[in-house]
Amino acid sequence: MAVCARLCGVGQSRRCRRRQRHNQQDQGSDSDMDEEEGERIVGQRQGNVGGGSLSRTSTGPPHPQSLVELPPELLVEIFSLLPGTALPNVALVCKKFRQILNTETIWRRRCIKEFGMKEDLRKMEVGGVSSRDLYVKLLHPYRHILGLWQPDIGPYGGLLNVVVDGMFIIGWMYLPPHDPRVEDPMRRRPLFRIHMWESKKATVECMYGHKGPHKGDIQTVKKDEFSTKCNQTDHHRMPGGRQEEFRTWLEEEWGRTLEEIFHEHMQELILMKFIYTSQYDNCLTYRRIYLPPLMPSDLLQPGLFKGTYGSHGLEIVMLSFHGTSARATKLTGDPNVPAGQLTLDVDLSRPVVLPDLEQQRQIEELSRLVLGVHEEVQREVEQQAKGGSAAVSGAAVGACGGAGGGTEAMDVDHGACSDGCQPGPSSSSSSSTSTTTTTTTTTNLPEAQPFVLPLGVMARNEVYPRTCRKCFYGTGLIAGHGFTSPERTPGLFVLFDEDRFGFIWLELKSFSLYSRLTDHLAHAHAPNMERFEAMLQNMQSWTS
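Definitions and limits used
Residues numbered from 1 in each chain as written. Predicted model: local features only at pLDDT ≥ 70, side-chain atom pairs only at ≥ 80, totals over all residues. Heavy atoms only, no water. UniProt positions renumbered as here; feature names shortened; annotations may be inferred. Helix = DSSP H or I, 4+ residues; strand = E, 2+ residues; numbered from the N terminus. Areas by Shrake-Rupley, 256 points an atom, 1.4 Å probe, with all protein chains shown as cover. Buried < 20%, exposed > 50% of the residue type's maximum accessible area, 1.4 Å probe, protein only. Polar contact = N/O pair within 3.5 Å; in protein donor to acceptor, adjacent residues only side chain to side chain. Contact = heavy atoms within 4.5 Å. Expected span 1.5 Å × (residues − 1). pLDDT = per-residue confidence, 0-100. Pairing = 2+ DSSP bridges. Axes fitted to C-alpha atoms, helices over the stretch in contact; angles between N-to-C directions. Core = buried A, V, L, I, M, F, W, Y, C linked by side-chain atoms within 4.5 Å. Domains from an automatic or database assignment. Salt bridge = Lys/Arg side-chain N within 4 Å of Asp/Glu carboxyl O. Parallel < 35°, antiparallel > 145°, perpendicular 65-115°, else oblique. Nonpolar A, V, L, I, M, F, W, Y, C, P; charged D, E, K, R; others polar. Phe/Tyr/Trp six-rings, centres within 6.5 Å; stacked < 30°, edge-to-face > 60°. Lys NZ or Arg CZ within 6 Å of the ring centre and 35° of its normal.

Under an unreviewed UniProt entry, the chain has the name F-box protein 31 and belongs to Lates calcarifer. Per UniProt, the comment on the chain under Pathway (unreviewed entry) is "Protein modification; protein ubiquitination." The heading Sequence similarities (unreviewed entry) in the UniProt record of the chain holds the text "Belongs to the FBXO31 family."

J.: Outline the overall build of the chain, listing residues and values.
T.: The helix and strand tally for the chain stands at 16 helices and 19 strands. When the accessible surface of the chain is totalled, it reaches about 28600 Å², and 53% of it is carbon and sulfur.

J.: I'd like a rundown of the side chain of Arg110, residues and numbers included.
T.: Structurally, Arg110 is set in helix α7 (residues 104-115). Owing to a relative accessible area of 8%, Arg110 belongs among the buried residues under this scheme. Here Ser80 takes part through its backbone oxygen, which lies 2.8 Å from a polar atom of the side chain of Arg110. Only 3.0 Å separates the side chain of Arg110 from the backbone oxygen of Leu82, close enough to count as a polar contact. Contact partners of Arg110, with chain neighbours within four places excluded, come to Ser80, Leu81, Leu82, Pro83, Gly84, Leu87, Phe115 and Tyr135.

J.: For α7, give the residues involved together with the corresponding values.
T.: Working note: α-helix, 3.6 residues per turn, so residues spaced by three or four point in the same direction. With 12 residues, α7 extends 16 Å from end C-alpha to end C-alpha; this agrees with the ideal 16 Å at 1.5 Å per step. For α7, every residue scored as buried is listed here: Glu104, Ile106, Trp107, Arg108, Arg110, Cys111 and Phe115. Within two residues after α7, Gly116 carries a phi angle of roughly 65°, on the positive side.

J.: Give a description of the confidence of the model for the chain that names residues and reports values.
T.: Mean pLDDT over the chain works out to 77, with 75% of the residues at or above the 70 mark. For the chain, per-element mean pLDDT is lowest for helix α14 (residues 403-420), which scores 34, and highest for strand β18 (residues 500-505), which scores 96. Note that residues 1-17 has pLDDT below 50 and, in this model, 29 contacts with residues that lie over four places away or in other chains. This stretch, residues 24-58, has a pLDDT under 50; its non-local contacts, to residues over four places away or in other chains, come to 22 contacts.

J.: I'd love a proper account of the sheet that holds strand β1 (residues 147-151), names of residues and values included.
T.: By definition, the strands of a sheet pair up through backbone hydrogen bonds, in either a parallel or an antiparallel sense. The strand order around the closed barrel formed by eight strands is β1-β2-β3-β4-β5-β6-β7-β8, and the pairing between neighbours is antiparallel. When the angles between neighbouring strand axes are averaged without regard to direction, this sheet yields 35°. Looking at chain direction, strand β6 (residues 214-222) and strand β7 (residues 225-230) are connected through six bridges and run antiparallel. Opposite Asp217, over in β7, you have Lys229 as the bridge partner.

J.: Go over the nonpolar core with me, naming the residues and quoting the values.
T.: When a protein is soluble and globular, its nonpolar side chains tend to lie buried together. Ranked by size, the top nonpolar core spans 41 residues in total, and within it Phe79, Ile145, Ile169, Phe192 and Ile194 carry the most contacts. Here this core gathers at least three residues from each of two domains, domain 1 (67-117) and domain 2 (147-285). Once you skip the residues sitting within four places of it in the chain, Phe79 turns out to touch Leu87, Val90, Phe97, Ile100, Leu101 and Ile106.

J.: Would you mind going over the pattern of salt bridges in detail, with residue names and values included?
T.: Tallying each qualifying case throughout the model produces 24 salt bridges. The salt bridge involving Arg242 is made with Glu245; its shortest N-O contact spans 3.5 Å. With Arg242 and Glu245 both in helix α10 (residues 241-254), this residue pair falls three residues apart, about one helical turn. The exposure class assigned to Arg242 is partly exposed, which follows from its relative accessible area of 43%. Its relative accessible area of 10% is what places Glu245 among the buried residues. For Lys330, the salt bridge is made with Glu315, and the minimal N-O distance between the two is 2.9 Å. Of this pair, Lys330 sits in strand β11 (residues 325-330) while Glu315 sits in strand β10 (residues 314-322), and the two are 15 residues apart along the sequence.

J.: An account of the side chain of Ser515 is requested, with residue identities and associated values reported.
T.: Here Ser515 is to be found in strand β19 (residues 510-516). Discounting residues that sit within four places of it in the chain, Ser515 has contacts with Val182, Glu183, Leu304, Phe305, Lys306, Asp499 and Arg500.

J.: Quick rundown of the pairing of strand β3 (residues 168-175)? Include the residues and the values.
T.: Burial analysis of β3 places eight of its eight residues in the buried class, which makes it a mostly covered element. Strand direction decides the pairing type here: strand β2 (residues 160-165) and β3, joined by six bridges, are antiparallel. Directly across from Asp165, in β3, lies its bridge partner Phe168. Hairpin connection from β2 to β3: two residues lie between these consecutive antiparallel strands, with Gly166 at a positive phi of about 65°.

J.: Account for the packing of α7 against helix α9 (residues 131-139), naming residues and giving values.
T.: Two elements in contact, α7 and α9, have axes separated by 7 Å at closest approach and are oriented at 45°. By the criterion of interaxial angle, the relationship of α7 to α9 is oblique. Contact residues: Glu104, Trp107, Arg108, Arg110, Cys111, Glu114 and Phe115 in α7; Ser131, Arg132, Leu134, Tyr135, Val136 and Leu139 in α9. Its residues assigned to classes, the contact of α7 with α9 shows seven nonpolar, one polar and five charged.

J.: Explain the packing of aromatic side chains to me, and be specific about the residues and the numbers.
T.: This structure, assessed with the given rule, holds 20 aromatic pairs. On the basis of an interplanar angle of 70° and a centroid distance of 5.8 Å, the ring pair of Phe115 and Tyr135 is categorised as edge-to-face. In this pair, Phe115 is assigned in helix α7 and Tyr135 in helix α9, connecting sequence segments 20 residues apart. Side by side, Phe115 and Tyr135 carry an identical accessibility label, which is buried. The positively charged end of Lys330 is found above the aromatic ring belonging to Tyr309, 4.4 Å away from the centroid.

Structure, rendered in structure tokens:
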């Protein structure tokens, strides 16, 4: 350790340890002799290059004995490889290190490496803003808000992506395409930005409204949660009052006027959303969300999808895989089923084989297939419930009458379940057989087969894929207004390709088409599956 400290030029004191040893030669000890021997060995190893050796008394250039003695250009290269959070500690070592850390090259490389900045930072430096100031006063202090967030807007939710965009940090609100064009790209609207244009400190500006950027504020509520506040809400108002604001909002949100929407129920839903969301134009709270990690056995790449939800328009869902289950969680919602709820739960261990095209057109045939699987699932759930009750009672008898009897009862129960039971759509456990089956299914998708919607099933998109890869039994969540009387209803999950899937809601006789969100989302992936699972549970509690 003493040798390592000496090579780095740092130790228990700020003074060079080598100089300290010379000053204390008359007070030598066994430990000092050990350190001198260590230095001699290190010096010999540094001299042995290419099979030759150089003595300590060589007439060639001296070899550096510590980092402090390295050339400045080499120190710049070394410090550029360190994370920015470690550089302040490096500056405390000595005056030379502190001076070298003023080199713009170091901070320019940290901005590119840690935050993916692709702009020519030299142009910015000519304008008076150094790369060091950009890192220290803007990027590093606000690094914790980069990534994906869900705004707390009641049942409607949303999707916010905070990114480094040029010389700014910008919060983009992602909006689905106009209904029903589910395969169109997402729309974006800036909500706030942070920059260093006008001063040497970071400035927060609200971008909401129609009068340009104005003063705003960002506060960190707690870990994985922050809030924004507008300090000039008059910039949100329009000269024509609420009517002009509503017409403008409707054009942006739906791409049409109220007169062009003939469905009376849809008009009510649109007006309700405008009144509700306009209450949050001055202050919003955001909670962090993660993209699901990719597992080898996943049916397809998990991620974000846009889907059709009848009169509610297009909504954003997150598709993730959990063993033999595929789940779609709402990121944007509606008054019936709010954001954060599990909209689809698909059992990948229960594939459904479609009949020929002529029979696919008959809703009765599709209902017979899906409801047959649904009844089977219900029976197995009841058997598991009875088996669990029997196990509890058997354990109680064993506790009263002896340990042997209780063990025998539990063994019998386990054998009955392993012979006849398979995991239901909401079960977290899975047998080794079902896991193997799922892995084989996901890695070797079958050839495309013809697909057509049954007659009488309503679809927002008349143009949908006419071939599919695989179909599975699943359930969808439906509820009354205000999320009253929620229940899971059986349906058919249809996998079209890597970027599209659908769901047929049997009870509603409707079809939802989902298309992948293809935008690049940085700083968004979950560090591990445990963190992602915890986030999903928290999302449901936010809107329950």
